[in-house]
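# Summary of the model geometry
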Amino acid sequence: MAGELSLRPYNPHGRSLGSLRRIVVVREGQRQEREVVACRPVEGGYLMRLAGVGDRDAAAVLTLGEVRVARTSLPPLEPGEYYVEDVPGCTVEDEAGRALGVAVGTFWNGA
């Protein structure tokens, strides 16, 4: 459909993002908050339509942008689940429970 954006989440096997109503697109240091008009799953991600993006040229302005959502927009976590952003600052222990240090950051390697 004209103006649809391809969204490839870091974790394509994670929970559905189809219920999102607002996103922030960050591209080249610029932040744009956008209303999600429609979102449907496709192989490897989603196709998303945003308010004000009605054709290929308008969609191209957002190409390669990073999509962010408010934490309150994310689905609730199941017991034992966590968000990656919560890891920095957590104590790291070995299997015997001995403290090894504190996590200072994370990175996504696609695995």
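What comes next is a walk through the structure.

## Topic: the overall build of the chain
Within the chain, the regular secondary structure consists of 1 helix and 7 strands. Ordered by position from N to C terminus, the α and β elements of the chain give β-β-β-β-α-β-β-β. At 17 Å, the chain has a C-alpha radius of gyration far larger than the 13 Å of a compact globule built from 111 residues. Along the first, second and third principal axes, the C-alpha set of the chain runs to 55 × 30 × 25 Å. Within the chain, buried positions represent 20% of all 111 residues. Relative to all contacts within the chain whose residues are 6 or more apart in sequence, the contacts with residues 24 or more apart total 47%.

## Thoughts on the side chain of E4
By the element assignment, E4 lies in the segment before β1 (5-7). Among the residues examined, E4 registers a relative accessible area of 18% and is labelled buried. Within the structure, the side chain of E4 is placed 3.0 Å from the side chain of R40, a separation counted as a polar contact. Dropping the residues within four chain positions of it, E4 is found in contact with R40, L47, M48, R49 and A59.

## Points about unusual backbone geometry
Phi at E28 takes a positive value of approximately 50 degrees, unusual for a residue other than glycine. A relative accessible area of 70% means that E28 is categorised as exposed. In this structure, L64 takes a positive phi of about 70 degrees despite not being glycine. You can see L64 is positioned in the loop between α1 (56-60) and β5 (66-68).

## Thoughts on the pattern of salt bridges
In total, this model carries 7 salt bridges according to the counting rule given. Two residues, R22 and E33, come together in a salt bridge whose shortest N-O distance is 2.7 Å. With R22 in strand β2 (residues 22-27) and E33 in strand β3 (residues 30-42), the pair connects residues that are 11 residues apart, well separated along the chain. The network of salt bridges with common partners includes R71, E85 and D86.

## Here's the deal with the environment of Q32
Here Q32 lies in strand β3. Judged by its relative accessible area of 27%, Q32 is partly exposed. Between the alpha carbons of Q32 and L62 there is a distance of 9.3 Å; along the sequence they are 30 residues apart. At a separation of 2.6 Å, a polar atom in the side chain of Q32 contacts the side chain of R34.

## What about the environment of A99?
Inspection of the secondary structure puts A99 in strand β7 (residues 99-102). Judged by relative accessible area, which is 63%, A99 ranks as exposed. Those residues in contact with A99 that sit more than four places away from it in its chain are T91, V92 and E93.

Rules used in this analysis
- Residues numbered from 1 in each chain as written.
- Predicted model: local features only at pLDDT ≥ 70, side-chain atom pairs only at ≥ 80, totals over all residues.
- Heavy atoms only, no water.
- Helix = DSSP H or I, 4+ residues; strand = E, 2+ residues; numbered from the N terminus.
- Rg over C-alpha atoms; globule rule 2.2 N^0.38 Å.
- Buried < 20%, exposed > 50% of the residue type's maximum accessible area, 1.4 Å probe, protein only.
- Contact = heavy atoms within 4.5 Å.
- Polar contact = N/O pair within 3.5 Å; in protein donor to acceptor, adjacent residues only side chain to side chain.
- Salt bridge = Lys/Arg side-chain N within 4 Å of Asp/Glu carboxyl O.

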